[in-house]
Amino acid sequence: MAYRVECWHHAKVYRKGDLEDDLILEAEHTLPTRKEAKQLIENRLSKLKNVRREYHRGIQPSVCVGWTGKKWTNENTGEECFEHYKYILRKL
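Residues numbered from 1 in each chain as written. Predicted model: local features only at pLDDT ≥ 70, side-chain atom pairs only at ≥ 80, totals over all residues. Heavy atoms only, no water.

> Can you help me understand the sheet that holds strand β3 (residues 50–54) in this one?
Think of a sheet as strands paired side by side through backbone hydrogen bonds, with each pair either parallel or antiparallel. Strand order in the open sheet formed by 5 strands is β2-β1-β5-β4-β3, with antiparallel pairing between adjacent strands. Because the sheet does not close on itself, it has two edges, and the strands there are β2 (18–31) and β3. For this sheet the average axis-to-axis angle between neighbouring strands, irrespective of direction, equals 20 degrees. As paired elements, β3 and strand β4 (residues 62–73) share 5 bridges and run antiparallel to each other. Among the inter-strand pairings, glutamate 54 is bridged to a residue of β4, identified as valine 63. (Pairing = 2+ DSSP bridges. Helix = DSSP H or I, 4+ residues; strand = E, 2+ residues; numbered from the N terminus. Axes fitted to C-alpha atoms, helices over the stretch in contact; angles between N-to-C directions.)

> Honestly, the nonpolar core in this entry has me stumped. Any pointers?
Soluble globular proteins tend to pack their nonpolar side chains together in the buried interior. The biggest cluster of nonpolar side chains holds 12 residues, and these are Tyr3, Val5, Cys7, Leu31, Ala37, Ile41, Leu45, Leu48, Cys64, Tyr85, Tyr87 and Leu89. If you list the elements that add at least two residues to this core, you get β1 (3–15), α1 (34–45) and β5 (80–91). (Core = buried A, V, L, I, M, F, W, Y, C linked by side-chain atoms within 4.5 Å. Buried < 20%, exposed > 50% of the residue type's maximum accessible area, 1.4 Å probe, protein only.)

> Help me understand the packing of aromatic side chains in this model?
Within a pair of aromatic rings, the relevant descriptors are the distance that separates the centres and the angle that separates the planes. With the rule as written, the count across this model stands at 0 aromatic pairs. Lysine 38 extends its terminal NZ or CZ atom over the ring of tyrosine 55, reaching a point 4.5 Å from the ring centre. (Phe/Tyr/Trp six-rings, centres within 6.5 Å; stacked < 30°, edge-to-face > 60°. Lys NZ or Arg CZ within 6 Å of the ring centre and 35° of its normal.)

> Would you explain the environment of tryptophan 8 in this entry?
Considering the arrangement of structural elements, one finds tryptophan 8 in strand β1. The partly exposed category is assigned to tryptophan 8, whose relative accessible area is 23%. Through-space distance from the C-alpha of tryptophan 8 to that of arginine 44 is 12 Å; in sequence the pair is 36 residues apart. With near-sequence residues (within four places) excluded, tryptophan 8 lies in contact with Leu23, Ile24, Leu25, His84, Tyr85, Lys86 and Ile88. There is a polar contact of 3.0 Å between the side chain of tryptophan 8 and the side chain of glutamate 6. (Contact = heavy atoms within 4.5 Å. Polar contact = N/O pair within 3.5 Å; in protein donor to acceptor, adjacent residues only side chain to side chain.)

> Is there a simple way to think about α1 in this case?
Residues separated by three or four positions in an α-helix point in the same direction, a consequence of the helix having 3.6 residues per turn. Between its first and last C-alpha, α1 extends 16 Å over 12 residues, near the 16 Å set by a 1.5 Å rise per residue. Its buried side turned inward, α1 meets β1, β2, β3, β4 and β5. (Expected span 1.5 Å × (residues − 1).)

> In this structure, what is going on with the environment of lysine 47? I would like to understand it.
Checked against the element boundaries, lysine 47 lands in the loop between α1 and β3. For lysine 47 and lysine 16, which are 31 residues apart along the polypeptide, the C-alpha to C-alpha distance reads 32 Å.

So yeah, pure geometry; function would need other evidence.
So, in structure tokens, the structure goes:
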């Protein structure tokens, strides 16, 4: 049994001179055990300020989110955005 960890990054980007936000798939890791997959996520979350963890067993994916504390305003929508990393752990 293998496990896949996806790392998503919600970051600010400039498009045509306007400050906006984007959700980018930064990395995908396939690990042989759940313990190794959780350890990878916990190592990355330890560097972030505010963290939310939702681990689940079985078919339902586990989702962990950590915020960096950086924020900006999307110039097109006026929405306030917060930079964060989202880790999704799935059983293959």
